[in-house]
Amino acid sequence: MSISPGTPPGRSESDRVLIFDTTLRDGEQSPGISLNKQEKLEIAQQLARLGVDVIEAGFPIASPGDFEGVQAIAQEVEGPVICGLARTSHQDIDAAWNAVKDSGRPRVHTFISTSDIHIEHQLQTTREDVIGQARAAVAHAKQYLDDVEFSPMDASRADVEFTAAVVQVAIDEGAVTINIPDTVGYAIPQEFAAFLARLYELVPDLHRVVLSVHCHDDLGLAVANSLAGIEAGCRQVECAINGIGERAGNASLEEIAMLLHTREPSLGLWTGIETTEIARTSRLVSRLTGYQVQPNKAIVGRNAFAHEAGIHQDGVLKERTTYEIMDATTVGLNSNSLVLGKHSGRHALSKALEEMGFEIDGQALNTAFKRFKEIADRKKHVTAMDLEALVTDELRSEDIGGFALDWFEVEASSLRPPHAKVSVTLPEGGSRTGSFTGDGPIDAVFQAINVATGIAAKLSDFTIGAVTEGQDALGEVSVVLEVQGVTGAGQGVSTDIIDAAARAYVRALSVAVARSRADQAIGLPEVSPG
Ligand code: KIV
Ligand code: ZN
């Protein structure tokens, strides 16, 4: 089945592996992540530039925010198929359809578990009922649209014969993609491949639809299991940028894409991914979610192309391929040499941002320009990486609709405990100040923010990094905190590390408060997808 126009010369459509991105659905279910509509749109636009085939934009029934995010993406993002997730109820499917229907290429993805452990303990129903629900769900979705995907959740722990019966019913009702999830990351590659091979035997109709895999990384095998699936005949892989997702996450999109790209000569398979957009997509997702990428992460980790041992450095200097199987520029690293300085004007900034793919005008451009000038005053050269961090940082503060940092002052000395005073704008309007004498200057600022907001947030994670190399590099801080059991993540960027930390803390606090209010207002969905 062809999904995007055009097969490049020398390649055949049957060897194309479709990339189904679930960063904004499964990825967004990671603890502490809460993206606002603007952030989801920004990520979706970048995923379109990256060339993914399908964007699973969210789970529309889960909350009004989820619905609006999926709808905005369906209305504004062109290119990929835009998909909404639904359980089997009519209510879920109607919400998913209503959220995606404005897309030129809508899809509804419905799922129900086929493992006995889920049927008995979670759904508390029978196999017969599961078959009935799957049939009714696909039939109901098909009234609205042709592109319906069905997943038997927890399939890798389910009875293959029963899963086959459910899959057959879904195909009979018109599902055009059947996705086999390893929901809890339990599978091992040979076993998973054998499961898929048996499904093909039991359901020959699977050859008429797209078979897909969705693997979680609980045992670190998500990419290996996805590859086993591809070799067994799957032509869609569900994955997420930076491998984010429930628990240990999903198969990492960049690893799947570069695996198929690098090993195309032996595997003979290809994707529509524009690999030079990978690094930038990874940075955007990391910044907006507050989930930092581990330094040694394949493809997008800071050290993925770094050589420490002398013998390796020697080899690479003589011939890159001695110790590198990929060229860093292929994934979009080191490719942008754009530099602005303190004399650059608004026009130069707007042009540079446009070249980098940011559509920014009006008030947002004014704010970006103000922050650019502040940074350019302290930093000789402002690079593409700096601009990207700044603009994403500004995006983060729009629309969270919570607290905002007005100013702070800190007295730090080795002779007495540090003291901080802060002023915070409140969501309901007006500002309040707070002060605190803490263990260190950053601790004092965080506690002073708690005093000003009246919220006893507890810090659970704090990381500092630099956007670029060099002494005058922009600092980037990531904070995860907890407010009454609800987590929130936030990031901040500044030339001053305390400023970056305070911004990150206020954002994380706003996210946690917004999440806890939303949970109380709507109640969480009864069953969360994996
Ligand atoms: O992990 C899982 O099973 C899921 C399904 C909804 C596809 O996320
Ligand atoms: Zn999942």
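Report on the accompanying structure. (Residues numbered from 1 in each chain as written. Chains lettered and ligands numbered in written order. Predicted model: local features only at pLDDT ≥ 70, side-chain atom pairs only at ≥ 80, totals over all residues. Heavy atoms only, no water.)

### Points about the pairing of strand S4 (residues 106–113)
For the record, the criterion: Exposed residues in this analysis have more than 50% of their type's maximum accessible area, buried residues have under 20%, and partly exposed residues fall in between, with area computed by a 1.4 Å probe over protein chains only. A helix here means a DSSP run of H or I that spans at least four residues, while a strand means a run of E at least two residues long, and both kinds are numbered starting from the N terminus. Paired strands are those between which DSSP finds at least two bridges. Every crossover in which the path from the first strand over the helix to the second runs clockwise, viewed with the strands pointing away from the viewer, is termed right-handed.
Among the 8 residues in S4, 8 count as buried, and that is most of the element. Alternating positions in S4 separate into two faces, Pro106, Val108, Thr110 and Ile112 on one and Arg107, His109, Phe111 and Ser113 on the other, with burial throughout. In terms of strand pairing, strand S3 (residues 81–86) meets S4 through 5 bridges, oriented parallel. Note on S4: the bridge partner recorded for Leu85 is His109. Assessed by its sense of winding, the connection that carries the chain from S3 through helix H3 (residues 90–100) to S4 is right-handed. The pairing of S4 with strand S5 (residues 148–153) spans 6 bridges and is classified as parallel. Bridging across to S5, Ile112 finds its partner in Pro152.

### Some details on the packing of aromatic side chains
The geometry of an aromatic ring pair is captured by two quantities: the separation of the ring centres and the angle between the planes. Test applied: Two aromatic rings, drawn from Phe, Tyr or Trp (for Trp, its six-membered ring), form a pair once their centres lie within 6.5 Å of each other, and the interplanar angle then sorts them: stacked below 30 degrees, edge-to-face above 60, tilted otherwise.
Within this structure, the stated rule accounts for 4 aromatic pairs. Aromatic pair Trp97 and Tyr144: ring centres 5.5 Å apart, planes at 5°, arrangement stacked. Residue Trp97 is found in helix H3, and its partner Tyr144 is found in the loop between helix H5 (127–142) and S5; the two are separated by 47 residues along the sequence. A residue is classified by how much of its surface remains accessible, and Trp97, at 15% relative accessible area, is buried. A centroid spacing of 6.2 Å and a plane angle of 35° characterise the contact between Phe369 and Phe372, whose relative ring orientation is tilted. Placement of both Phe369 and Phe372 in helix H14 (residues 362–378) is noted, with a separation of 3 residues, approximately one turn of the helix.

### Brief notes about the pattern of salt bridges
Defined as follows: The salt bridge criterion pairs a side-chain nitrogen of Lys or Arg with a carboxyl oxygen of Asp or Glu, the two atoms within 4 Å.
Throughout the structure, instances matching the rule amount to 28 salt bridges. Residues Arg87 and Asp92 are paired through a salt bridge, measuring 2.9 Å at the closest nitrogen-oxygen approach. As far as the burial class goes, Arg87 and Asp92 line up, both buried. Between Asp386 and Lys379 there is a salt bridge, with its nearest N and O atoms 2.9 Å apart. Relative accessible area serves as the criterion here: at 0%, Asp386 is assigned to the buried category. Judged by relative accessible area, which is 4%, Lys379 ranks as buried.

### Describing H3
For clarity, the threshold we go by: Throughout, a residue-residue contact means that at least one pair of heavy atoms, one from each residue, lies within 4.5 Å.
All of the buried residues in H3 are Asp92, Ile93, Ala95, Ala96, Trp97, Ala99 and Val100. Turning to H3, the residues buried within the fold contact helix H2 (64–76), S3, S4 and H5.

### What about the pairing of strand S12 (residues 419–425)?
Successive residues of a regular strand alternate their side chains across the two faces of the sheet. Taken together, the 7 bridges between strand S11 (residues 404–411) and S12 define a ladder with antiparallel strand orientation. Bridging from a neighbouring strand, Glu409 pairs with Lys421 of S12.

### Focus on unusual backbone geometry
Here Asp154, not a glycine, exhibits a phi torsion of approximately 60°, which is positive. Checked against the element boundaries, Asp154 lands in the loop between S5 and helix H6 (160–172). Phi is positive for Arg247, close to 50°, though the residue is something other than glycine. Within the element layout of this structure, Arg247 appears in the loop between strand S8 (236–239) and helix H9 (253–262). Classification of Arg247 as partly exposed rests on a relative accessible area of 44%.

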